[in-house]
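Given next are the chains, with one letter for each unit.
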Amino acid sequence: MALSMSFFSCQAQVESGAFNLLLKSMLKETVPVISVKELAKKDLNKMTLLDARTKEEFDVSHLKNATWVGYDDFNLSRVKSLDKSKEVVIYCSIGVRSEKIGEKLQEAGFKNVKNLYGSIFEWVNAGNTVYGPDGKPTQKVHAYNKKWGIWLNKGEKVYE
């Protein structure tokens, strides 16, 4: 099996080797990635975090101060007030949907878009906090569906 150079170009890793291989095979790396470890070192209060999951997923839990932008119904009007020169980190469940929305942001002129490698699943797997609709920490994480939920190893999986 021939591997492209892009397979090795991503510096970010996730804890699980199998999850990492899945991500490497699914992400096109059209949007630069940021690792969970890198993001965890930043002040999330000063970050622009965008959630590219469904509203139902976002309402279960999300990263601190994240703004929901959606995926299937994504519209650039949801990000029109953002400074296109500032760093934007976008995430979803594992990083595939967020990569696609990141591409749209780049096409719209955003200069510093990053995709959270492993996204909210890896954020929680690494022991980081997510927040519910009340703004308080929660253990609940929408696991998308049972097929993809296997990659969420911590937290309380929610499917509805």
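Computed from a predicted model, the values in this text were never measured in an experiment.

Student: Before we go on, may I ask you to explain the overall build of the protein in this structure?
Tutor: Each helix and strand in the protein was counted, giving 7 helices and 9 strands. Computed over its C-alpha atoms, the radius of gyration of the protein comes to 15 Å, within 12% of the 15 Å expected for a compact globule of 160 residues. Seen through its principal axes, the protein has C-alpha atoms that stretch 50 × 35 × 30 Å. The proportion of buried residues among the 160 residues of the protein is 48%. Long-range pairs, those at least 24 residues apart, make up 63% of the contacts in the protein between residues at least 6 apart in sequence. Carbon and sulfur atoms make up 50% of the accessible area of the protein, which amounts to about 8,500 Å² in all. Between the centroid of the 24 positive side chains of the protein and the centroid of its 19 negative side chains there is a distance of 2 Å.

Student: Explain the confidence of the model for the protein here, please?
Tutor: Regions with low pLDDT carry predicted coordinates that are not meant to be interpreted in detail. Residues at a pLDDT of 70 or more form 92% of the protein, whose mean pLDDT is 91. pLDDT under 50 marks residues 1-10. Its contacts with residues more than four places away, or in other chains, come to 9 contacts.

Student: Sorry if this is basic, but what is going on with the nonpolar core here?
Tutor: A general tendency of soluble globular proteins is for nonpolar side chains to be buried together. Of all hydrophobic cores here, the largest spans 31 residues; its most connected members are Leu 39, Leu 63, Leu 116 and Phe 121. Secondary structure elements with two or more residues in this core: helix 2 (17-26), helix 3 (36-40), strand 4 (88-91) and helix 6 (119-125). Looking at this core, the element that brings in the most residues is helix 6, giving 4 residues. Excluding residues that lie within four positions of it along the chain, Leu 116 makes contacts with Ile 34, Ser 35, Val 36, Leu 39, Leu 63, Val 89, Ile 90, Tyr 91, Gly 95 and Trp 123. Core analysis: the next-biggest nonpolar cluster, separate from the first, contains 13 residues, Phe 74, Val 79, Val 88 and Phe 110 among them.

Student: Where do I start with the pattern of salt bridges in this structure?
Tutor: Two side chains bearing opposite charge may form a pair once their charged atoms approach each other closely. Under the definition given, this model contains 7 salt bridges. The closest approach of N and O atoms between Lys 114 and Glu 87, which form a salt bridge, is 3.0 Å. Taken together, the residues Lys 114 in strand 5 (residues 113-116) and Glu 87 in the loop between strand 3 (67-68) and strand 4 connect sequence positions 27 residues apart. The structure contains a network of salt bridges with shared partners spanning Lys 42, Glu 87 and Lys 114.

Student: I would appreciate a short explanation of the side chain of His 62 in the present structure.
Tutor: Structurally, His 62 can be placed in the loop between helix 4 (55-60) and strand 3. For His 62, a relative accessible area of 11% corresponds to the buried category. A polar side-chain atom of His 62 sits 3.0 Å from the main-chain carbonyl oxygen of Phe 58. In contact with His 62, not counting residues within four places along its chain, are Asp 51, Arg 53, Tyr 91, Ile 120, Val 130, Tyr 131 and Gly 132.

Student: I would appreciate a short explanation of unusual backbone geometry in the present structure.
Tutor: Working note: non-glycine residues mostly have negative phi, and peptide bonds are mostly trans. Backbone geometry places Ser 119, a non-glycine residue, at a positive phi of 50°. Within the secondary structure, Ser 119 is located in helix 6. Taking relative accessible area as the criterion, Ser 119 reaches 0% and is therefore assigned buried. Here the phi dihedral of Tyr 144 falls at roughly 70°; this positive angle occurs in a residue that is not glycine. By secondary structure assignment, the location of Tyr 144 is in the loop between strand 8 (140-142) and helix 7 (146-149).

Student: What should I look at first to understand helix 2 in this one?
Tutor: Within the sequence span of helix 2, burial applies to Phe 19, Asn 20, Leu 22, Leu 23 and Lys 24. Residue Ser 16 occupies the N-cap position of helix 2, its side-chain oxygen lying 3.3 Å from the main-chain nitrogen of Ala 18.

Student: What should I look at first to understand the packing of aromatic side chains in this one?
Tutor: Note on aromatic pairs: each is described by the distance of the centres and the angle between the planes. Under the defined criterion, the tally for this structure stands at 1 aromatic pair. The ring of Trp 68 carries Lys 55 above its face, with NZ or CZ at 5.9 Å from the centroid.

Cut-offs used in this document
Residues numbered from 1 in each chain as written. Predicted model: local features only at pLDDT ≥ 70, side-chain atom pairs only at ≥ 80, totals over all residues. Heavy atoms only, no water. Helix = DSSP H or I, 4+ residues; strand = E, 2+ residues; numbered from the N terminus. Rg over C-alpha atoms; globule rule 2.2 N^0.38 Å. Buried < 20%, exposed > 50% of the residue type's maximum accessible area, 1.4 Å probe, protein only. Contact = heavy atoms within 4.5 Å. Areas by Shrake-Rupley, 256 points an atom, 1.4 Å probe, with all protein chains shown as cover. Lys, Arg positive; Asp, Glu negative; His and termini not counted. Charge placed at Lys NZ, Arg CZ, Asp CG, Glu CD. pLDDT = per-residue confidence, 0-100. Core = buried A, V, L, I, M, F, W, Y, C linked by side-chain atoms within 4.5 Å. Salt bridge = Lys/Arg side-chain N within 4 Å of Asp/Glu carboxyl O. Polar contact = N/O pair within 3.5 Å; in protein donor to acceptor, adjacent residues only side chain to side chain. Phe/Tyr/Trp six-rings, centres within 6.5 Å; stacked < 30°, edge-to-face > 60°. Lys NZ or Arg CZ within 6 Å of the ring centre and 35° of its normal.

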